[in-house]
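Architecture and fold: a report
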Amino acid sequence: MAEAAEETEYVDHPLLVPGFIENRRYQTELAATAREGNTLVCLPTGLGKTTVSLLVTAHRLYEVGGKSLFLAPTKPLVQQHADFYREALDIADEEIVVFTGEVRPDDRAELWESASIVIATPQVVENDLVGNRISLADVTHLTFDECHRASGDYAYVYIAERYHADAEQPLVTGMSASPGGDREEIMDVCENLGIDEVEVMTEEDADVAAYTHDTDVQWERIDLPDPIIEIRDALNEVIRDRLEHLKSLGVSKTTQPNVSQKDLNRMRGQLQQMMDNGKSDAYKGMSVHAEVMKLRRAVELVETQSVEALRRYFERQRNAARSSGASKASQRLVSEPKVREAMRKTENFDDLHPKFRRTRVLLAQTLGIGGGERVIVFTESRDTAEALTEFLSTSFDTRRFVGQGDKEGSDGMTQKEQQETLDAFRAGEFEVLVSTSVAEEGLDVPEVDLVLFFEPVPTAIRSIQRKGRTGRQDEGAVVVLLANDTRDEAFFWISRRREKEMEQELRKLKGVADELSAELDDDQAGLADFDSDGKSDTTVDADGSGDNAVANGETTGSADASAETPTADRDANDGQPGLTDFDTGSEDGDGDADASDDEDADTATDDDSDDGVVAKAGTDTEGVEIVIDQRELDSTIARDLSTREGITTRLETLAVGDYVLSDRVAVERKSVADFLDTLVGGDRSMFEQVGDTARAYARPVVIIEGEDLYGERNVHPNAIRGALASLAIDFDASVLRTANESETADMLETIARREQEEHDREVSAHGEKGAKTLAEQQEYVVSSIGDIGPVTARALLDHFGTVEAVMTAREEDLLEVSGVGQVTADRIREVVGSDYPE
C-alpha cells in the first residue's frame, strides 16, 4: 500500500492546491467532456462526482473568468461542498461563499458581487432571482448536484431556464448517481436543465472498478410475533369497514386493507370530482378516505417499524383529535372501538419489534466479531430512528442523524448539530449512525462496514444512494430487513424491479450516449425564441401551472410577454385594441381632475405616519417593476413574471397586498378555494386585508383565481354575490377574475405596464392615498386599535357614536357590540388605557 501511495499522481492546475486532487483517469475524462458542453455526469455514489465539477469550475474560472454557481438540495450538502472547494482550490476562502436561508437577503446580494464561487441551496437562488437581487449574466459554470430532482416545480427547473436565458457564456454540469428510473425520466431531467451530453460510467468500467469493491446485499426475513399481528389485524378490520363505505359510494373496487396507494389516489380524485359536481355524499367520503390513510400509516408503522413508533403516532392522533378545529376523520379514528383496542395493546406491549433484536445482532457481528468500525442504520421513520438510537446505545456508541423540521412535533437537529454529528462520525468518535433519509443524497458520510436498511426502500434512486455509503475503500455489506407478510414484501419487489430497470437504463445510456445526446433538444425554446406575433408552442396545463412546459423543451415564462408587450402595435392583434389602448377619460388615467391628483400625490408623499407602507421606493431599473410579497413564492406567478422581457420583479415582505404595481395599485390575490373558505369558515381576514390595502392605495384590486366560482363548493350563490358586492362597494376594490396562475401573471403584467408605461407612474414607498372622508378617518383610527379591522371598527362607531366614546368605553360595554369578544375587548382596553412605555 505504501508503494502505491508513492506512485499516486495528482492533477496539476493553476487554481488547484498542489498534491490535493488525485489524478483518476475517469474523473479527468468526464471533466474534459463536461467543460466542452452541457453535460449530465452519471457516476456511482462515492466516486467523486463533485471532483469532476470542481475540475470544470477550475478550468472555466481560469480560461473564461466570471463566477461559478454550485447548487445542492440541502444545507448539509452545501456546507460539505463548500468545505471541499475551499480545501481543493487555490482561491481565497472569502471568495467561496455559502448561500442558504440563514444568510440575510441583503447580505447575499453584497456577497454575490464579490464572490468567485457561490455554493447554495436552489430555493435561495430562486428567491434571489425572482427578487432581482442577483444576476446570472456572468456565471460561466453552473452545477446541479443530485440533478435527478430537476422536474415539475422544483427550483432547479426555473434556475436552469433563467441561466440559459441570462448568462453570457453558460455551461451546465448535472450530477447524479441515479438520474432517473427510466429513459423518459432521464430525458426529462436533461431537457429541464438544458443538457445535451450524457456521460455514464458504471462500476463495470475498468477505470472505475479500480476504486470500488464488491457490496454484498443480503435480505433478512423476519416473522412478526402474535401481539403485533393482533394490533395490525384490529386496524385492518377498521380499514375494511371504511373501504366498504367508499365502495358504497362507487369509488372503491375492493375492501382489502392492502389496497395500493395508486388506487387510494384514484379514489381521492373521484371523490374530488364528486364534490365539484355538488354531491354531498362526497364530503363524508373524503373524510373517510382521510381516515383510511391514517389507519394505513398506523399499520405500516406496527408492521415494518416498531411498536414504539406506533405508540407515538397514536399519541399525536389523540392530541390532534382534542385540538380546536380537529377534523372529523381524526375524531372518528380515536373513538373507534377497534382502534382504541389497538391503542391499548400498543401501550401494554412491553417487548421489542423483532427487527430491533436482529439489528443488534447484525451490529455485534460487524463491530465485534468482524472487527468493523462504523455502521449506518437507515429508517424511514424519525420515531423509529429515535427509538433505535435509545435501544442500540445500551450496547454501542450510537447517535441519531435526522432532519431539521418535523410537522408532527418530533425534535429535529439544527444544521450545526448535523455537521457536528457527521464530523464526529468521520473522526471515529462513535460507531453507529442511525439516520433518516437526510443522509441519503450525496453526503460524504465516511466509509462504513455495514449499511443496514431497517425496511426496504421502494424507490430505486434512494436505495442506490444508500448502498453507495459502503464499498468505496474496502469490501462492505448491505443488509435489508424484511418483515414477512407485510408491506415490506411489496416494497422489496418494487425496489428490486426499479433498481434493475435503472441499472438497465444506465447501461443502455452508456451504450447509446451519442444517440441520446443527439436526441436531446439542445435548442430549447428560450425567452427570446418566439415569433414576433407572440405565438409559440408553449402549452399550459389545465391548472395554469405550466409545470411540464420546460420538461417538453419549452419555457414556463409567458411567450406573449417576451415577444410582444401589451403596448405593441395593434396590427399584431389583428387590429383589435390591447388592454392598455382604452381611453380612461383623463390624461393620467384615473378619471379624476388633474388638480385632485396632484393634491393626492402630495398627500401621499407627505404622510409618512401611515402604517400602510408596503414597498420600498422604486429602483433605478429600466422597464416595468412589480413588487411581490415573499409569501407569493408558493405559486408560479413570481417565477413567471421574472422571466418576462421588460419586467423587473422585486421581493419584499409586504404589510398590505400581494403585488404592488404602482404608487396607487396594489393587488390581493385569492384562489377560488381561499375566497370560498372565507365565506364558509367565518374567517374575515380577507376583508381586513382588502381594507388595509384600500387605506394605503387609491386603487385596490382583488384577483380571484380559478374556475367555477359558483360551483366549486356548496356555497349559496347569494353569499358569493354578497361578498363580491362588499369588496366592490364597502372597500372600493376592483374585483377581477382569472382562470389560473398564468392568466393572473398576464393580468398583473398588463396592469403594471398600463400604470408605469402608459401613465408614467412609479412603484412608490407609499400607496397614493386619496383624501379620506370624515367617516373613513374615524374608521381608520378605531380599526388601528389592536388590529381589529374595518368591519369591527364600523360596528363600534355605530354603537358608541364617536371615536372618543369608543376609546373611553368600559370593557363590559365593549362586549355588547356585535363582533367584539373578550380578547378584542381586552386588547382595546390594554391599548387605550396602558401607560406609554419609556
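Throughout, a residue's number is its position along its own chain's written sequence, starting from 1. Local features in this predicted model are restricted to residues of pLDDT 70 or higher, and side-chain atom pairs are both shown and tallied only at a pLDDT of 80 or more, whereas totals for entire chains, interfaces and linings draw on every residue. The side-chain figures draw on all heavy atoms in the structure; neither hydrogens nor water molecules are used.

**Some thoughts on the overall build of the protein chain**
Let me state the cut-off plainly: Working definition: helices are DSSP H or I runs of at least four residues, strands are E runs of at least two. Numbering for both runs from the N terminus. The rule is simple: take the accessible area with a 1.4 Å probe, protein chains only, and divide by the maximum for that residue type; under 20% is buried, over 50% is exposed, in between is partly exposed. Contacts were defined at the residue level, with two residues in contact if any of their heavy atoms lie within 4.5 Å. Computed by Shrake-Rupley with a 1.4 Å probe, the accessible areas treat only the displayed protein chains as cover when residues are assessed.
In terms of helices and strands, the protein chain carries 33 helices and 19 strands. Across the 838 residues of the protein chain, 52% fall into the buried class. Long-range pairs, those at least 24 residues apart, make up 73% of the contacts in the protein chain between residues at least 6 apart in sequence. Accessible surface, the protein chain: about 37500 Å² in total, of which carbon and sulfur atoms supply 44%.

**Quick look at the pattern of salt bridges**
Applied cut-off: By salt bridge we mean one thing: a side-chain nitrogen of Lys or Arg within 4 Å of a carboxyl oxygen of Asp or Glu.
Enumeration over the complete set of coordinates arrives at 53 salt bridges. The partner of Asp-106 in a salt bridge is Arg-104, with the nearest N and O atoms 3.7 Å apart. Accessibility expressed as a relative area gives 47% for Arg-104, which makes it partly exposed. Arg-242 is the salt-bridge partner of Glu-291, the closest N and O atoms lying 2.9 Å from each other. Taken together, the residues span a long stretch of sequence, with Glu-291 in helix 12 (residues 281–305) and Arg-242 in helix 10 (residues 226–248) at a distance of 49 residues. The exposure classification of Glu-291 matches that of Arg-242, with both residues buried.

**Some details on the packing of helix 13 (residues 307–322) against helix 15 (residues 337–348)**
Think of two packed helices as two axes; the pair is described by the angle between the axes and how far apart they sit. Using the following cut-off: The angle between two axes is taken between their N-to-C directions and runs from 0 to 180 degrees, where each axis is a line fitted to C-alpha atoms and a helix contributes only its stretch in contact. Oblique is the label for any angle not under 35 degrees, not over 145, and not in the 65 to 115 range, which are roughly parallel, roughly antiparallel and roughly perpendicular in turn. Crossing chirality is assigned from the near helix's rotation relative to the far helix, an anticlockwise turn below a right angle marking it left-handed and a clockwise turn marking it right-handed.
Contact geometry of helix 13 with helix 15 gives a least axis separation of 10 Å together with a crossing angle of 130°. It follows from the interaxial angle that helix 13 and helix 15 lie oblique. When you trace helix 13 past helix 15, the crossing you get is left-handed. Across the interface between the two elements, Val-307, Leu-310, Arg-311, Phe-314 and Arg-318 of helix 13 pack against Val-339, Ala-342, Met-343, Thr-346 and Glu-347 of helix 15.

**With respect to the sheet that holds strand 7 (residues 197–200)**
Sheet strands line up and pair through hydrogen bonds in the backbone, either parallel or antiparallel. For the record, the criterion: In this scheme, strands are said to pair when DSSP sees at least two bridges between them.
Pairing is parallel in the open sheet, where seven strands are placed in the order 3-4-2-5-6-1-7. Strands with a single pairing partner mark the edges of an open sheet, and in this sheet they are strand 3 (96–99) and strand 7. Neighbouring strand axes in the sheet, compared pairwise and without regard to direction, differ in orientation by 15° on average. By the bridge criterion, four bridges tie strand 3 to strand 4 (residues 117–120) in an arrangement that is parallel. In the sheet register, Phe-99 faces strand 4, and the bridge partner there is Ala-120. Running at roughly 175° to strand 5 (residues 139–145), helix 3 (residues 49–63) makes contact with strand 1 (39–42), strand 2 (67–71), strand 4, strand 5 and strand 6 (172–176) of the sheet. Across the sheet, helix 6 (residues 122–130) touches strand 2, strand 3 and strand 4, and the angle it forms with strand 2 is around 125°.

**A word on the side chain of Arg-669**
To keep things clear, this is the line we draw: N or O atoms closer than or at 3.5 Å make up a polar contact, with two conditions inside protein: a donor-capable atom paired with an acceptor-capable one, and, for residues adjacent in sequence, both atoms drawn from side chains.
Checked against the element boundaries, Arg-669 lands in strand 17 (residues 665–671). Arg-669 sits in the buried class, given a relative accessible area of 15%. Of note is the side chain of Arg-669, whose polar atom sits 3.0 Å from the side chain of Glu-705. In this structure the side chain of Arg-669 is engaged in a polar contact, spanning 3.5 Å, whose partner is the side chain of Glu-741. Residues in contact with Arg-669, not counting those within four places in the same chain, are Glu-632, Ser-635, Ile-637, Asp-658, Tyr-659, Ile-703, Glu-705, Glu-741 and Thr-744.

**Comments concerning helix 6**
Along helix 6, seven of the nine residues are buried, which leaves the element largely enclosed by surrounding structure. Just beyond helix 6, the residue with positive phi is Asn-132, at close to 60°.

**So, the sheet that holds strand 17**
Strand order in the open sheet formed by six strands is 15-14-16-17-18-19, with mixed pairing between adjacent strands. Looking along the sheet, the strands with just one partner apiece sit at the ends: strand 15 (647–652) and strand 19 (734–738). Strand direction decides the pairing type here: strand 14 (residues 624–629) and strand 15, joined by six bridges, are parallel. Bridging from a neighbouring strand, Val-624 pairs with Ile-647 of strand 15. On top of the sheet, helix 26 (residues 685–696) reaches strand 17 and strand 18 (699–705); it is set at about 170° to strand 17, its chief contact.

**Things to note about the packing of aromatic side chains**
Condition: Ring geometry is summarised as follows: Phe, Tyr and Trp rings, the Trp one being its six-membered ring, pair when their centres sit within 6.5 Å, and such pairs are stacked at plane angles under 30 degrees, edge-to-face over 60 and tilted between the two. Charges are assigned to positions over rings by a cutoff of 6 Å between ring centre and Lys NZ or Arg CZ, combined with an angular limit of 35 degrees from the ring normal.
If you walk through the whole model with that rule in mind, you get eleven aromatic pairs. An angle of 45° between the planes, with centres 6.2 Å apart, marks the rings of Phe-99 and Trp-112 as tilted. Of the two residues, Phe-99 sits in strand 3 while Trp-112 sits in helix 5 (residues 105–114), which places them 13 residues apart along the sequence. For Phe-99, a relative accessible area of 0% puts it in the buried group. Centroid distance Phe-356 to Phe-454: 5.6 Å. Interplanar angle 90°. Geometry classified as edge-to-face. Of this pair, Phe-356 sits in helix 16 (residues 354–369) while Phe-454 sits in the loop between strand 12 (450–453) and helix 19 (460–467), and the two are 98 residues apart along the sequence. Each member of the pair Phe-356 and Phe-454 is classed as buried. In this structure an aromatic cluster arises from ring pairing among Phe-20, Phe-70, Phe-84 and Tyr-85. Positioned above the aromatic ring of Phe-454, the side-chain terminus of Lys-355 is 5.3 Å from the ring centre. Over the ring of Phe-731 we find Arg-794; its NZ or CZ atom is 5.7 Å from the centre of that ring.

**Re the nonpolar core**
Quick reminder of the rule: We call a set of buried residues a nonpolar core when its members are Ala, Val, Leu, Ile, Met, Phe, Trp, Tyr or Cys and they connect through side-chain atoms within 4.5 Å of each other.
If you look at the biggest cluster of nonpolar residues, it comprises 56 residues, and the most contacted ones within it are Leu-69, Leu-71, Phe-144, Ile-159, Leu-193, Ile-626 and Leu-661. Ranked by residues supplied to this core, first place goes to helix 7 (residues 155–166) with six residues. Dropping the residues within four chain positions of it, Ile-159 is found in contact with Leu-71, Pro-122, Val-125, Glu-126, Leu-129, Leu-136, Leu-142 and Phe-144.

**Let's talk about the environment of Thr-384**
With respect to the secondary-structure elements, Thr-384 resides in helix 17 (residues 382–392). For the pair formed by Thr-384 and Leu-310, sequence separation is 74 residues and the distance between their alpha carbons is 9.1 Å. Those residues within four positions of Thr-384 in sequence are excluded, and the remaining contacts are Gln-305, Ser-306, Ala-309, Thr-379 and Phe-454. Side-chain polar atoms of Thr-384 contact the side chain of Gln-305, separated by 2.8 Å.

**A few points about the pairing of strand 2**
For strand 2, a buried count of five out of five residues is recorded, marking the element as mostly surrounded by other parts of the structure. Residues Lys-67, Leu-69 and Leu-71 of strand 2 are buried on one face, and the alternating residues Ser-68 and Phe-70, pointing to the opposite face, are buried as well. Sheet topology places strand 2 next to strand 5; five bridges connect them, and they run parallel. In the strand pairing of strand 5, Leu-71 is matched with Phe-144. Here four bridges tie strand 2 to strand 4, and the two strands are oriented parallel to one another. Directly across from Leu-71, in strand 4, lies its bridge partner Ala-120.

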